[in-house]
Amino acid sequence: MARRGAGTFMDRFLDMDGLWDTDWFSDLLSSAAGRSSRSEEGVFSEEECRQMLAQMEARIHDFYIRAFSLFRHEWMNDIQLLIGYARLKKYDKLMKHMEMIKEKAASESALFKLGHPRLALFLYLCQTGEYPVRLRCSMTPDLQLDRLLDDPQWAAEQVKRLVEHFFAAARGDGERELRLGMKVEDGALHVRFEYAGEYDRSRLEQEVERQAAAGWRMWTADFGSASVQVDLRIPVREDMDGR
């Protein structure tokens, strides 16, 4: 049976490669329908198809369980803090934390309406899990990639890979933060990555340039000693220009 290649850094880190690699799944469905264009040696048997579909289903279920578990954990922490401030009558901190919760809820709402569920869940897990870099996402409300772009899958993959590269290049034990922003302006989707903290500069520069050479048309990058800014512009559909 054909095997998929090893996942990238964040794929292995989050065990999400099965949710992103669509080619193997298309081959699986083609084989199951008896329409595979591959050689006979590469066609999946009916039993192999059933096993792989079962594995895919189990992986997806596990992924959502972990996502909901992290979601519950984050909100339970917030509730406990609110209760603690109320009991200690620290009302100034209580109100400040309530405002923070309000901002977080608005940010999560925009994230989950992104128009690409897999990317939204990927970014959510990166924000809530215990990972080497603190990720913060900020995007325009009602930003929907599936409506804005001709190829939202390509754009989502570019964002995902860049997050992977920043996580993999992080170094040191100090505070490391990656801010991801998205907005529509001047007929393009603007995606900005702002990193602060120690990092492997040569590695990150190489990965960014390699990824840019693979298909980016409008981009800029500024690499500092302890900070990085990468801007990517992706044209939106003509009927969405000026949205």
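Cut-offs used in this document
- Residues numbered from 1 in each chain as written.
- Predicted model: local features only at pLDDT ≥ 70, side-chain atom pairs only at ≥ 80, totals over all residues.
- Heavy atoms only, no water.
- Phe/Tyr/Trp six-rings, centres within 6.5 Å; stacked < 30°, edge-to-face > 60°.
- Lys NZ or Arg CZ within 6 Å of the ring centre and 35° of its normal.
- Core = buried A, V, L, I, M, F, W, Y, C linked by side-chain atoms within 4.5 Å.
- Buried < 20%, exposed > 50% of the residue type's maximum accessible area, 1.4 Å probe, protein only.
- Helix = DSSP H or I, 4+ residues; strand = E, 2+ residues; numbered from the N terminus.
- Contact = heavy atoms within 4.5 Å.
- Pairing = 2+ DSSP bridges.
- Axes fitted to C-alpha atoms, helices over the stretch in contact; angles between N-to-C directions.
- Expected span 1.5 Å × (residues − 1).
- Parallel < 35°, antiparallel > 145°, perpendicular 65-115°, else oblique.
- Left-handed = near helix turned anticlockwise from the far one by under 90°.
- Nonpolar A, V, L, I, M, F, W, Y, C, P; charged D, E, K, R; others polar.

## Here's the deal with the packing of aromatic side chains
Inspection of every chain in the model, using the stated rule, returns five aromatic pairs. Summarising the aromatic geometry, the rings of Tyr-195 and Tyr-199 are spaced 5.8 Å apart at their centres and angled 80 degrees between planes, so their arrangement reads as edge-to-face. Among the aromatic side chains, those forming a connected cluster through ring pairs are Phe-166, Phe-193, Tyr-195 and Tyr-199. Positioned over the ring face of Phe-122 is Lys-160, at 5.8 Å from the centre of the ring.

## Overview of the nonpolar core
By size, the foremost hydrophobic cluster in this structure holds 44 residues, and its most contacted members are Leu-123, Met-182 and Phe-193. It is helix α8 (residues 152–169) that contributes the most residues to this core, eight residues altogether. Setting aside residues no more than four positions away along its own chain, Met-182 makes contact with Leu-114, Leu-119, Ser-138, Met-139, Thr-140, Leu-143, Val-159, Leu-189, His-190 and Val-191.

## A few points about the sheet that holds strand β1 (residues 134–139)
The pairing of strands in a sheet happens through backbone hydrogen bonds and is either parallel or antiparallel. A sheet is described by the order of its strands in space; here five strands give the open sequence β1-β2-β3-β5-β4, paired in mixed fashion. Of all strands in the sheet, those bounded by a partner on one side alone are β1 and β4 (218–223). This sheet shows a mean twist of 10 degrees between the axes of neighbouring strands, independent of strand direction. Looking at chain direction, β1 and strand β2 (residues 177–185) are connected through six bridges and run parallel. Bridge pairing in β2 links Arg-134 to Glu-177. Where helix α9 (residues 201–213) meets the sheet, its contacts fall on β4 and β5 (227–235), and the angle it forms with β4 comes to roughly 175 degrees.

## Notes on the side chain of His-116
The topology assignment puts His-116 in the loop between α5 (91–112) and α6 (117–128). A relative accessible area of 8% means that His-116 is categorised as buried.

## Describing α5
For α5, spanning 22 residues, the distance from its first C-alpha to its last is 31 Å, which sits close to the expected 32 Å at 1.5 Å a residue. Restricting attention to buried positions, one finds in α5 the residues Leu-94, His-97, Ile-101, Lys-104, Glu-108, Ala-110 and Leu-111.

## With respect to unusual backbone geometry
A positive phi is found at Lys-89, a non-glycine position, where the angle reads about 60 degrees. Here Lys-89 lies in the loop between α4 (46–87) and α5. Overall, Lys-89 belongs to the exposed group, its relative accessible area being 61%. Unusually for a residue other than glycine, Asp-186 sits at a positive phi of about 55 degrees. Looking at Asp-186, the relative accessible area reads 68%, which means it is exposed.

## Quick word on the packing of α8 against α9
Interhelical geometry of α8 versus α9 gives an angle of 165 degrees and a closest axis separation of 9 Å. When the axis of α8 is compared with that of α9, the two are roughly antiparallel. The element α8 and its partner α9 pack so that their crossing is right-handed. On the side of α8, the interface is formed by Gln-158, Arg-161, Leu-162, His-165, Phe-166, Ala-168 and Ala-169, while α9 contributes Arg-203, Leu-204, Glu-207, Val-208 and Gln-211. Looking at the contact of α8 with α9, its residues break down into six nonpolar, three polar and three charged.

So yeah, pure geometry; function would need other evidence.
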